[in-house]
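# Analysis of the macromolecular model
As a plain string of letters, each chain reads:
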Amino acid sequence: MKMSPEQQLQFLSKAARLELADLPDEKPTFALRLGWSHNYDDLFAGAHSETDENGLLNKLLQKGKVLIAGRGGGGKTHLLYRTMKRAAAIDLIPIFIDLKKWSGADYERWKDWTEGASFLIERFSSPKVSSLELDWIPPTAKKLLVVDGLNELSANVGQQILHALNEISTDQVQTYVIVADRLVRRQLPSERSWALSTILPLSEEQIRSYSAGKVRIPSDSRMLEIPFFLNAAIKGDLVSGGRATTSGAFLRKHSGLTEDQLDQLAKFALDAYLINKARTFTFDQLLQSTGPEIANKILAARIVEKLDDGLAYFSHHLVHDYLVARHLAGQAATAWTRDTLNAVSFDRSSFDVTALVLGLLKGQQASLFLRTLYDWDLYAAGYAMTEADAQGDGPAKEMRALIFAMLAEKRFDVVMATRQRANDALLIYQSPDAIPYKAATDLQRVFDAIGMVDSTEDWFNEWRGLFLKPLGSPLDDESLDLILDTDSVRGWTIANVAKRTHLSSDQQSRLRGLLTQGETVVRWRVAHALGSFPVHSNFDALIRALDQDSEGDVRYGAIRSLVEMASYSDRELRSAIATEIERRAAKISADIRVATELSRALLIDLKRAPKDWLRIVKTISRAMFQSTEDPANRDVWRSVSSGAEMLYDQDRTNFGE
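One structure accompanies this document, and this report is about it.

## As for the overall build of the chain
The number of helices and strands found in the chain is 35 helices and 11 strands. Here the C-alpha radius of gyration of the chain, 26 Å, is about what a compact globule of 657 residues would show, namely 26 Å. Projecting the C-alpha coordinates of the chain onto the three principal axes gives extents of approximately 75 × 55 × 50 Å. Expressed as a percentage of its 657 residues, the buried residues of the chain come to 57%. Considering only intrachain contacts with a sequence separation of at least 6, the fraction spanning at least 24 residues in the chain is 72%.

Structure, rendered in structure tokens:
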């Protein structure tokens, strides 16, 4: 017999209370403070108003949706647990959606669901409920969806989930949403209807209070500001040497595994990410990979938890990430491949593993890994330096200065999203040596900052000579040939320098040849450079790369450069570029990374936008909107179109031609 709405409400309320009673308590319970920002720019800049954690529920009731962006180990999960209990006390029905339990198979299941929020609720909710059952309860009842672990998924699926949650909060009356995420920038749907916050570091006073004076507070460490590591210190599990070293000591102490067994477990941890692309794995996979002795030891020690469906996961993601980092740090640089870095970061959704690897490596190896990150994703290198613990023998000062300078140059890019990402990576870096790069108001001041670095390292001084090439100056053939260099620093530096110097017709022709014959990373660098030279031959070469190149990185570079070229070119070429992109809308939509980069690249600096740029953006956005049936993708293109109207549909007197 079907329940009435009132009976359904009573049943669900009772089930929620039972679930709340089973939630684990954090001992000690860290009372957290939250920083509330108007947008991601303010969040990364540290501009916020403060409340205690009780303010979370107040803000939720005001705005309807809250996203909490924070560092790993910052206490987000236990904050969610406590907020759910407070919500239940004022008659909200909390439904916990634990994305840490997402499996590799869920990526395929997700594609098959037309209602994304329904899938999330039915697959991951606690208490178990369906979206139809939620919708059936009386409209006066308030429901709270609490989503933990958005960063546990690939960046694209994470973005789609935000859209699905936004949609259900709009469609179902009295439905509130809280989402916990890592400290990365997201495109929030209906941005003004979301409140954005971060968990603030614990104060020195709090640290002393919780530790009752038993924990020494190092003057050079920020680790104790993070609840996970303060808790480890209180329990005697904190050791000197940084987060990765502490995680290793914890595992040795509590698992009873030997170093060889830890190495075996570390290899499995990496394989789990590579195979499943998720935090979960089957317990059978663990048994087959490590053997019953290791598997049963870590199960008994609660280092691994089993689920009812045969899946398992490490009890804290930092433990899993440490094991992955341990394995990668012990491998030769040839193991640090693009595919591996994509897998361990969930396609750039979380850089915890890369930061831990950097923290485990010393001296030249640390600098080499930073170079590898730089070749894969400049912003990942910046984030890794921010999160890795500086122990004095990490990446050399020259390598850090190089990363700062390359990020600072991106702050003056024509594409606004590129500027944002560079600013984000610099703003969260607290070291004093980053200050001149954050403060630079133009590229010349970046040049001045890098020129002040005192170094006798030949490689650095050679690189600095390349980087400081004056804007618009000729680039000699010998320097341009460095775009082929296997050293990512030299190769990418020249790709960027070429964009702001003068290349002859013959030099551009040479680059076009490399776009079809070079190695993958060379083709990507060339596609990146050609966007600054708006002539038909370069346009044709980039279109061919977009159509024919088998590597996603090259297609990504090509679409970005085509948009950039359109912004620099005359009206005729600009229209031709827009027409060719419009014709390929369906193909681009099917290539997620290319479509995402197109949506970002279309919004360019107001002062550098041509007079007809709004028309160009709306034409492409309309074609992309019509090429997809996915509601989340359609929302993206609506957002691009509306963003362009806000930016460009105003007084045109400041616009260039």
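## Things to note about unusual backbone geometry
For the peptide bond that leads from Ser-126 to Pro-127, omega is 5°, which places it in the cis range. Along the chain, the position of Pro-127 falls in the loop between β5 (125-126) and α7 (131-136). Of note, the phi angle at Asp-347 is positive, near 55°, even though the residue is not glycine. By the secondary structure assignment, Asp-347 is in the loop between α16 (338-344) and α17 (352-360).

## As for the pattern of salt bridges
Throughout the structure, instances matching the rule amount to 50 salt bridges. As a salt-bridge pair, Arg-525 and Asp-375 come within 3.8 Å of each other at their nearest N and O atoms. Here the residue Arg-525 occupies a position in helix α28 (residues 520-530), and Asp-375 occupies one in helix α18 (residues 363-376), the gap between them amounting to 150 residues. Take Arg-525: its relative accessible area is 1%, and that puts it in the buried class. With relative accessibility at 17%, the residue Asp-375 sits in the buried group.

## Topic: the nonpolar core
Ranked by size, the top nonpolar core spans 182 residues in total, and within it Leu-99, Trp-102, Leu-120, Ile-161, Ile-403, Tyr-437 and Leu-598 carry the most contacts. Residue contributions to this core peak at nine residues, all from helix α20 (residues 397-410). Leu-99 has contacts with Leu-120, Phe-124, Val-147, Asp-148, Gly-149, Leu-150, Glu-152, Leu-153 and Ile-161, leaving out every residue within four places of it along the chain.

## A look at helix α14 (residues 292-300)
If you check which residues of α14 are buried, you get Ile-294, Ala-295 and Ile-298. An end-on view of α14 places all buried positions within 95° of arc, on one side of the element. In α14, the exposed positions angled more than 90 degrees off the buried face are occupied by Pro-292 and Ala-300. Taken from the residues just after α14, Arg-302 is the one with a positive phi, measuring 60°.

## Regarding the sheet that holds β5
Strand order in the open sheet formed by eight strands is β2-β1-β8-β3-β7-β6-β4-β5, and the pairing between neighbours is mixed. Looking at the sheet topology across the chains shown, the edges are occupied by β2 (49-52) and β5. Here strand β1 (residues 33-37) runs beside strand β8 (residues 194-199); their pairing, made up of four bridges, is antiparallel. Bridge pairing links Gly-35 to Thr-198 in β8. In this fold helix α3 (residues 55-63) packs onto β1, β2, β3 (65-70), β4 (92-98), β6 (142-148), β7 (175-182) and β8, with an angle of close to 135° to the strand it touches most, β3.

## Quick word on the packing of aromatic side chains
One pass over the structure, following the stated rule, counts 24 aromatic pairs. Each ring, one from Tyr-81 and one from Phe-96, has its centre 5.6 Å from the other, and the planes form 65°; the classification is edge-to-face. With a gap of 15 residues between them, Tyr-81 in helix α4 (residues 76-89) and Phe-96 in strand β4 connect regions that are remote in the sequence. Given a relative accessible area of 14%, Tyr-81 falls into the buried group. Consider the rings of Phe-268 and Phe-281, whose centres lie 5.0 Å apart with planes at 90°: the pair is edge-to-face. Of this pair, Phe-268 sits in helix α12 (residues 259-276) while Phe-281 sits in strand β9 (residues 281-282), and the two are 13 residues apart along the sequence. By relative accessible area, Phe-268 is classed as buried at 3%. Residue Phe-281 is classed as buried on the basis of its relative accessible area, which comes to 1%. A connected cluster of aromatic rings, assembled from ring pairs, spans Trp-102, Tyr-107, Trp-110, Trp-113, Phe-119 and Phe-124. Over the aromatic face of Trp-459 sits the side chain of Arg-371, whose NZ or CZ is 4.5 Å from the ring centroid. Arg-634 extends its terminal NZ or CZ atom over the ring of Phe-625, reaching a point 4.2 Å from the ring centre.

Reading the values: the criteria
Residues numbered from 1 in each chain as written. Predicted model: local features only at pLDDT ≥ 70, side-chain atom pairs only at ≥ 80, totals over all residues. Heavy atoms only, no water. Helix = DSSP H or I, 4+ residues; strand = E, 2+ residues; numbered from the N terminus. Rg over C-alpha atoms; globule rule 2.2 N^0.38 Å. Buried < 20%, exposed > 50% of the residue type's maximum accessible area, 1.4 Å probe, protein only. Contact = heavy atoms within 4.5 Å. Salt bridge = Lys/Arg side-chain N within 4 Å of Asp/Glu carboxyl O. Core = buried A, V, L, I, M, F, W, Y, C linked by side-chain atoms within 4.5 Å. Arc of directions from axis to C-beta. Pairing = 2+ DSSP bridges. Axes fitted to C-alpha atoms, helices over the stretch in contact; angles between N-to-C directions. Phe/Tyr/Trp six-rings, centres within 6.5 Å; stacked < 30°, edge-to-face > 60°. Lys NZ or Arg CZ within 6 Å of the ring centre and 35° of its normal.

Take it as geometry only, folks, not as evidence of what the structure does.
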